[in-house]
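Coordinates in review
Spelled out from the first residue to the last, the chains are:
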Amino acid sequence: LATPKRFLPIPLVVTEPAVGYGGGLAGMFVRPRKQAGSEGFARPNMSIIGGLKTENGTWMAFAADSTHWMDDRVQTLAAVGGGEINLDFYGLGDAADSLDQPVSYTLDAELLMLQGSWKPQPTSPWSIGLRYVYSEVEPKLRDAPAQFPGLLDAVHMKISAPAAVLEFDSRNNLFTPTRGLFAESVYLDSLEDLGASEEFQRF
């Protein structure tokens, strides 16, 4: 892992009954840093890319990167992903036999996350940052779409939200910590002016 172009393969195993058996593979590229941090070692820069697929046609793909700058005082995070999730819904209707008649639908999902954080002091466990989240989930009925007029428009959701982040991280190891604490507080505001389908706040 300390050699450029080498990566850690991570098998992904799916055993979720709703989507069936499946799996995939992710590759994590670790880029060691020479300078030591407050723990006595330098947390590495990392990138990951991967994907998976299941027996009912569900698939997902994703990529992410975490990079430290300015002697670990600045950290950037970026993640992007997307896929199609095929699901069945049971029990739509008043008749007893509807419990055995699935309504098949697909969720087309997209996600983007960007974040930059800054430590006020080089060895401080505290950091403050800004995050932007974009998410879009579009449902599609695979069976008898005329049966539910207007349903798809009602549940098509877009989130476009800046967020303020306050983080405390005193873990002594990023992968297998034996002491320390990680805590995060986030205030997020989804805004129609930025493309969101509905405005809301979350803390």
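Notes on the structure in this doc start here. (Residues numbered from 1 in each chain as written. Predicted model: local features only at pLDDT ≥ 70, side-chain atom pairs only at ≥ 80, totals over all residues. Heavy atoms only, no water.)

**Regarding the sheet that holds strand β8 (residues 157-169)**
Taken in spatial order, the 10 strands make up an open sheet running β1-β2-β3-β4-β5-β6-β7-β8-β9-β10, and their pairing is antiparallel. In this open sheet, the two strands that pair with only one neighbour each are β1 (8-16) and β10 (200-202). Here the average twist between neighbouring strands, direction ignored, is 15°. In the sheet, β8 pairs with strand β9 (residues 182-190) via 7 bridges, with the strands oriented antiparallel. Residue pairing in the sheet places Asp 169 in a bridge with Phe 182 of β9. (Pairing = 2+ DSSP bridges. Helix = DSSP H or I, 4+ residues; strand = E, 2+ residues; numbered from the N terminus. Axes fitted to C-alpha atoms, helices over the stretch in contact; angles between N-to-C directions.)

**Remarks on a nonpolar patch on the surface**
Residues Trp 118, Trp 126, Ile 128 and Leu 166 make up a contiguous nonpolar surface patch of roughly 390 Å² in combined accessible area. Tracing the chain through its elements places Trp 126 in strand β7 (residues 126-141). (Patch = residues over 30% accessible without salt bridge, like charges linked within 9 Å, V, L, I, M, F, W, Y side chains within 5 Å. Areas by Shrake-Rupley, 256 points an atom, 1.4 Å probe, with all protein chains shown as cover. Salt bridge = Lys/Arg side-chain N within 4 Å of Asp/Glu carboxyl O.)

**Some points on the pattern of salt bridges**
Scanning the entire structure with this criterion turns up 6 salt bridges. With its nearest N and O atoms 3.3 Å apart, the salt bridge here joins Arg 31 to Asp 65. Of the two residues, Arg 31 sits in strand β2 (residues 20-31) while Asp 65 sits in strand β4 (residues 59-69), which places them 34 residues apart along the sequence. What makes Arg 31 partly exposed here is its relative accessible area of 32%. We classify Asp 65 as partly exposed; its relative accessible area is 24%. Across the pair Arg 131 and Glu 184 runs a salt bridge whose closest N-O atoms are separated by 3.0 Å. Of this pair, Arg 131 sits in strand β7 while Glu 184 sits in strand β9, and the two are 53 residues apart along the sequence. In this structure Arg 131 comes out as buried when scored by relative accessible area, which is 17%. Here the salt bridges do not stand alone but share partners, grouping Arg 43, Asp 169 and Arg 171 into one network. (Buried < 20%, exposed > 50% of the residue type's maximum accessible area, 1.4 Å probe, protein only.)

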